[in-house]
Amino acid sequence: MGNAAAVVWAALVFALATEAGGAHVRLERATSGNYEVPASPLGSAAYPEWAHHHWVWLSNSQQDQDKDIQLVKDYAANNIPVGAIDVDSMWSTGINNFVWDTTKYPNASEMISTLHQMGVRVICWATSMVDTDSPNFQYGKDNDYFLNSGRTVHWWHGDGAFIDYTNPDALDWWHSQMDNVLNMGLDGWKCDGTDPYIFVLGYAHGHDGHVSERDYANLYYRDFFYYTRTKNPDSLIMARPVDSEWSFAPHDVMFSGWVGDDDPAFNGLRSALWSMLTSGALFLFLCVCS
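The numbers attached to residues start from 1 for each chain and follow its sequence in the written order. The model is predicted, so local features are restricted to residues of pLDDT at least 70 and side-chain atom pairs to those at 80 or more, both for listing and for counting; the totals for chains, interfaces and linings are taken over all residues. To get the side-chain values, take all heavy atoms of the structure and skip hydrogens and water.

Novice: Help me out: how do you make sense of the overall build of the chain in this one?
Specialist: From N to C terminus, the chain includes seven helices and 16 strands. Accessible area for the chain stands at about 14,000 Å²; split by element, carbon and sulfur atoms hold 54% of it. A helix here means a DSSP run of H or I that spans at least four residues, while a strand means a run of E at least two residues long, and both kinds are numbered starting from the N terminus. Only the protein chains shown count as cover for residues, and the accessible areas themselves come from Shrake-Rupley with a 1.4 Å probe.

Novice: Even after reading the chapter, I still don't get the pattern of salt bridges, so can you show me in this structure?
Specialist: Opposite charge on two side chains lets them pair, provided their charged atoms get close. A pairing counts as a salt bridge when a side-chain nitrogen of Lys or Arg comes within 4 Å of a carboxyl oxygen of Asp or Glu. Taken as a whole, this structure holds five salt bridges when the rule is applied. Across the salt bridge formed by Asp 88 and Lys 190, the nearest N and O atoms sit 3.0 Å from each other. A residue pair is termed long-range when its members are at least 10 positions apart, and Asp 88 in the loop between strand S4 (84–87) and helix H3 (108–117) and Lys 190 in strand S9 (residues 188–191) qualify at 102 residues. The residues Asp 88 and Lys 190 share a single accessibility class, namely buried. Among the charged side chains, a salt-bridge network with shared partners connects Asp 86, Asp 88 and Lys 190. Categorising residues by exposure relies on relative accessible area from a 1.4 Å probe, with only protein chains included: less than 20% of the type maximum marks a residue as buried, more than 50% marks it as exposed, and the intermediate range marks it as partly exposed.

Novice: I tried to follow unusual backbone geometry on my own but got confused; where do I start?
Specialist: Most peptide bonds take the trans form, and the phi angle of most residues other than glycine is negative. Phi angles above zero are rare outside glycine, and Met 90 is one such case at about 75 degrees. In this structure Met 90 comes out as partly exposed when scored by relative accessible area, which is 34%. One non-glycine residue, Phe 98, lies in the positive phi region at around 60 degrees. You can see Phe 98 is positioned in the loop between S4 and H3.

Novice: I keep staring at H3 and nothing clicks. Help me out?
Specialist: An α-helical turn contains 3.6 residues, so any two residues separated by three or four positions project in the same direction. If you check which residues of H3 are buried, you get Ala 108, Met 111, Ile 112 and Leu 115. The arc enclosing the buried residues of H3, seen along the axis, measures out at 95 degrees, which places them on a common side. Residue contacts are defined here by distance: any two heavy atoms, one from each residue, within 4.5 Å place the two residues in contact. Where H3 is buried, its residues meet helix H2 (65–77), S4 and strand S5 (121–126). Looking at the residues trailing H3, positive phi occurs at Gly 119, about 80 degrees. This arc is taken over the directions from the axis of the helix to the C-beta atoms.

Novice: I keep staring at H2 and nothing clicks. Help me out?
Specialist: Spanning 13 residues, H2 covers 19 Å between terminal C-alpha atoms, matching the ideal 18 Å at 1.5 Å per step. Along H2, the residues that are buried comprise Gln 65, Asp 68, Ile 69, Leu 71 and Val 72. For H2, the buried positions fall inside an angular range of 150 degrees around the axis, keeping them on one side. Exposed side of H2, more than 90 degrees from the buried face: Asp 66 and Ala 77 are the residues found there. Multiply 1.5 Å by the residue count of a helix minus one, and that product is the helix's expected span.

Novice: Would you explain the packing of aromatic side chains in this entry?
Specialist: Aromatic ring pairs are described here by two measures, namely the spacing of the ring centres and the angle between the planes. Note on aromatic contacts: the rings of Phe and Tyr and the six-membered ring of Trp form a pair at centre separations within 6.5 Å, being stacked when their planes are under 30 degrees apart, edge-to-face when over 60 apart, and tilted otherwise. Inspection of the entire model under this criterion finds 23 aromatic pairs. Grouping aromatic residues by their ring pairs yields a cluster made of Phe 98, Phe 137, Tyr 139, Tyr 145, Phe 146, Trp 173, Trp 174, Trp 189, Tyr 220, Tyr 221 and Phe 224.

Novice: Please explain the packing of helix H5 (residues 168–182) against helix H6 (residues 213–231) as it appears in this structure.
Specialist: Working note: a packed helix pair is described by the angle between its axes plus the distance between those axes. For helices, the fitted axis covers only the stretch in contact; all axes are lines through C-alpha atoms, and the angles between them, taken along N-to-C directions, range from 0 to 180 degrees. Closest axis-to-axis distance for the H5/H6 pair is 11 Å, and the angle between their directions is 55 degrees. With respect to H6, the axis of H5 lies oblique. For the element pair H5 and H6, the recorded crossing hand is right-handed. For the pair H5 and H6, the contacting residues are Leu 171, Trp 174, His 175, Met 178, Asp 179 and Leu 182 in the first and Asp 223, Phe 224, Tyr 227, Thr 228 and Lys 231 in the second. Residue classes follow a fixed rule: Ala, Val, Leu, Ile, Met, Phe, Trp, Tyr, Cys and Pro count as nonpolar, while Asp, Glu, Lys and Arg count as charged, and any other residue, Gly among them, counts as polar. Considering only residue class, the contact of H5 with H6 consists of six nonpolar, two polar and three charged. Should an angle lie under 35 degrees it is considered roughly parallel, over 145 roughly antiparallel, and from 65 to 115 roughly perpendicular; all remaining angles are considered oblique. In this scheme the crossing of two helices becomes right-handed for a clockwise turn of the near helix relative to the far one and left-handed for an anticlockwise turn of less than a right angle.

Novice: Just to check I follow, could you spell out the confidence of the model for the chain for this structure?
Specialist: Parts of the model with low pLDDT should not have their predicted coordinates read in detail. Per residue, pLDDT captures the predictor's confidence, and it can take any value from 0 to 100. Counting all residues, the mean pLDDT for the chain is 84, and 76% of those residues have values of 70 or more. Across residues 1–32, where pLDDT falls below 50, the model places 48 contacts with residues more than four positions away in sequence or in other chains.

Written out as structure tokens, the structure reads:
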């Protein structure tokens, strides 16, 4: 790298790091030879600072209220700071009914408050699907709140239907259920990658007619992000930017991503690194893997 390029690169890295921290500064000048980087004012970042912190979670077979809090304490005991914890799938009494399973989380509001006092944000796993055995499925189907009149597809957590984001009444119903958790002070969501399953429907359609996979993905991730922002302006979602060379969440909501669940071996590391590099080339954002 030449001297001029090195200076420009250093200025860019400094600008990005400073902007991400929310500071308002000016890069006065950076020169090398005949090239000068002009002064440029920097505004606040489009995302909260905790996007840069260490996020952790337990598998859904291990997690509960006590273990999630203990996980954070164990990291702290080893001088490893934690900025956020994800309460992973199976935390609710039904897939995406947004009602805490009190056998695992007897006092979720207290848990969130405790973690906040420890300086840790809390997000919950979610998708845009409601399973047939979830308590809210039949009501959604009866009121035509799902794509393709409630036709179901099989996915890794059972059989479910897609919420119809083009239906205003369906959205009001969906948001009212999300509020059950958001009103406790939740900081965001881990939005898992069910959107490609829409291809199983063949011709996907809802209240406003045909819905493409790309359009549905945009509606799904943006709704979780922007609606939650109306409740908590510092909220975030964690979602896949790219996984297995497939694009998931759109750029405007993609500030904290993970590239899927990879094998804890060299091939898994290689797959995760490839997805990270691809994500970085497309998005320029923060990325993690599990």
